[in-house]
Amino acid sequence: MENKPIARKLRLLSQLMELHEGNPFKIKSIANAAFKVDKLPYPVSGKSLAELEKIDGIGKSTAAKVTELMKTGTMAELQDLLDQTPAGVVEMMGIKGIGPKKVATIWRELGIENQGELYYACNENRLVEAKGFGLKTQDEIHKVLEFNMASHGKFLFAQVEAEANKLIDQLKGIFPEGLIDCAGEFRRYCEIISKLIIVVGSRDQEIAFSTLSQSDLLADIKAEANHVTGKLENGLNVEIVCVEKRFFFQELFVQTGDDEHVKAILQRAADTIDQPTSEELIYTKAGMEFIRPELREGTTWLEKAERNTLPTLISYHDLKGTLHNHSTWSDGINTVEEMALYCRDELKLEYLGMCDHSKSAFYAKGLSIERVLQQQEEIDHLNKKLNDFQIFKGIESDILYDGSLDYPDEILQRFDFIVASVHSILKMDEEKATSRLIKAIENPHTTILGHPTGRLLLSRKGYPIDYKKVIDACAANKVIIEINANPLRLDLDWRWHQYALEKGVWLSINPDAHRKEGFLDMHYGLLVARKGGLYKERCLNALSLQEITAVFNQKKVNN
Ligand SMILES: [Zn+2]
Ligand SMILES: [Zn+2]
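Here's what I pulled together on the structure shown here. (Residues numbered from 1 in each chain as written. Chains lettered and ligands numbered in written order. Predicted model: local features only at pLDDT ≥ 70, side-chain atom pairs only at ≥ 80, totals over all residues. Heavy atoms only, no water.)

## Topic: the side chain of Asn383
For clarity, the cut-off: The helix and strand labels rest on DSSP assignments: H or I over at least four residues marks a helix, E over at least two residues marks a strand, and numbering proceeds from the N terminus. Contacts were defined at the residue level, with two residues in contact if any of their heavy atoms lie within 4.5 Å.
One can find Asn383 in helix H18 (residues 369-385). Beyond its immediate stretch of four places on either side in the chain, Asn383 contacts Phe389, Gln390 and Ile391.

## Some words on the sheet that holds strand E11 (residues 417-421)
Going by this rule: The pairing criterion is simple: DSSP has to find at least two bridges between the two strands. For helices, the axis comes from a line fit to the C-alpha atoms of the stretch in contact; other axes are also lines fit to C-alpha atoms, and the angle between any two N-to-C directions lies between 0 and 180 degrees.
With parallel pairing, the 7 strands of this open sheet are ordered in space as E8-E9-E10-E11-E12-E13-E14. The strands lining the two open edges of the sheet, one partner per strand, are strand E8 (321-325) and strand E14 (507-510). Inspection of the sheet shows strand E10 (residues 390-398) paired to E11 by 5 bridges, in the parallel sense. For Glu396, the partnering residue across the bridge sits in E11 and is Val419. Helix H17 (residues 336-346) contacts E8, strand E9 (351-357) and E10 of the sheet and is inclined by roughly 150° relative to E9.

## Examining the sheet that holds strand E2 (residues 179-182)
Hydrogen bonds along the backbone pair up the strands of a sheet, which may run parallel or antiparallel. Read across the sheet, 5 strands follow the order E2-E4-E7-E6-E5 without closing on themselves; strand pairing throughout is mixed. Both edges of this open sheet fall to E2 and strand E5 (219-224), since each of them pairs with a single strand only. For this sheet, the mean angle separating the axes of adjacent strands, direction not counted, is 15°. Pairing of E5 with strand E6 (residues 227-231), which is carried by 4 bridges, proceeds in the antiparallel orientation. Bridge pairing links Ala223 to Val228 in E6. Relative to strand E7 (residues 237-244), helix H12 (residues 205-213) is tilted by about 155°, and along the sheet it contacts strand E4 (195-202), E5, E6 and E7. Lying over the sheet, helix H13 (residues 248-256) contacts E2, E4, E6 and E7, oriented at roughly 170° with respect to E4.

## So, the environment of Ile483
You can see Ile483 is positioned in strand E13 (residues 480-484). When the C-alpha positions of Ile483 and His497 are compared, they lie 9.0 Å apart, and in sequence the two are 14 residues distant. Those residues in contact with Ile483 that lie beyond four places of it in its chain are Asp491, Leu492, His497, Leu507, Ser508, Ile509, Asn510, Gly525, Val528, Ala529 and Leu534.

## Here's the deal with the coordination of the zinc ion (ligand 1)
Inclusion rule: The donor definition counts N, O and S atoms within 2.8 Å of each metal and applies 3.2 Å to Na, K and Ca; water is not among these atoms, so some sites may look incomplete. Three labels apply to residues, based on accessible area from a 1.4 Å probe with only protein chains included: buried if under 20% of the type maximum, exposed if over 50%, partly exposed otherwise in between.
Protein coordination at the zinc ion (ligand 1): the donors are Glu396 (OE), His423 (NE2) and His451 (NE2), at 2.1 to 2.2 Å from the metal. Within one chain, the residues serving as donors to the zinc ion (ligand 1) are arranged as E-x26-H-x27-H. Here His423 falls in the buried class, since its relative accessible area comes to 19%.

## Thoughts on the packing of aromatic side chains
Rule in force here: Aromatic rings from Phe, Tyr and Trp, taking only the six-membered ring of Trp, are treated as a pair when their centres fall within 6.5 Å; an angle between ring planes under 30 degrees marks them as stacked, one over 60 as edge-to-face, and anything in between as tilted. Throughout this description, the term charge over a ring refers to an Arg CZ or Lys NZ atom that lies within 6 Å of the ring centre and within 35 degrees of the ring normal.
Across all of its chains, the model carries 13 aromatic pairs by this definition. Here Phe248 and Phe249 contribute two aromatic rings whose centre-to-centre distance is 5.1 Å and whose plane-to-plane angle is 80°, an arrangement assigned as edge-to-face. Here the aromatic cluster, defined as three or more aromatic residues joined through ring pairs, consists of Phe157, Phe186, Tyr189 and Tyr524. Cation over ring: Arg108 sits above Trp107, and NZ or CZ is 4.4 Å from the ring centre. A cation over an aromatic ring shows up here: Lys531 above the ring of Trp494, its NZ or CZ 4.5 Å from the ring centre.

What follows is the structure in structure tokens.
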């Protein structure tokens, strides 16, 4: 038995003892032992009782428990407490932000025995009255529960991409003559994927179906009608739809767009579409130009498609440089020179914007004024050395709690451009967050608003903002909004790209790279930018070196 599962069981024992109001000293000593075992640099398994007792922080009675656990796989005391506790209550102790004491109150005073009931109770405002709770705690628990529920079985696009391509290749190996493509959320470049849908068109639907039903491509394979479902090793749900080749494009269309989109198009295609030989034909019949898969969300683009005015979406080759990146000067892994050479030689870009953290970001080795000046000297030196390439002197300035930037004006003036981002005190209501951002946007030194909500997909919701007010302020102050390309962020959310573009705001696809390989995240930023409808004429880093130099200089003159 490894140390981790032993530590986990000890921790659970201490929590259950606390839940059942056991002896506080005993609870503390077992919790300490759990911590200790977890951190030991060697395995405890195989150690004799005498040896265990000698380990600092474990003690006699816990050593006996560990021995029992290693011999029998459990501990009588733990089993006894588990028997007295509903499984849902044990589960609630794993919810972030509520310890055994609060769970005891929820269980004993409110009679709540699982997460579902707890969620319901929050909606009914029942927690507010209980001892040790208040509106704030209730709101926090509510949020965590909502989040747990939402993230169940969901994956980031980037976590799915390689697996999806591998599966497509395997299917092409099985059906070399077949028509095979991804559909659903993945084909629409959704930032979160809950199911991977693949359409397989083959000469004989029945044979394809039975071949797949009996294959070991997926775990937990289930076959029903013409759908084969199962899971990938990482737990991702997969659905393979088998059709005859002649129905392939019709099925691919139906499986790709969201329900609203598919319904709206089919309604417009007056007569039924019989075995279309391409998806383009379906849109032609509906009286509009072809809508690319990533835009097939609801009816957003229908009007434009009918008038033949869909944007030409930005492509990877349009990107000429990369802004907002970190080096060893703050929390990056590579030096400025290494980052620059990678951009020039591997990615064939024309420029790199360095934006290390500012002085308040002490946890990320934020730059003091003195170090800012040193870095700028290094960049001047490198720029003399590098041919046909430019490093811009930027900074990722923290937006402080009052909305101000992190350096005095005379230092801010020295940068070519400034990305302003919030990194600390993320707990804010919408009003506070919005006014904090707007204050920073109104600062004449701010060039780009960085990751506008601070969200981390599937793990942190981000502070709430009034999107319209923030975007309007960017329009009024000519501040560019970042599409942070880190697959965990993808912030500004694509649902707001159109509003920003309509208001005249420019967007910038920024990898926020902390190492060379981080630049490759621009791929994910590009996909969501396309999903948002971005075109190259409004993307800051699609500007050539000459053009972007002019933009930065203009901003300086205005200040
Ligand atoms: Zn940041
Ligand atoms: Zn950053």
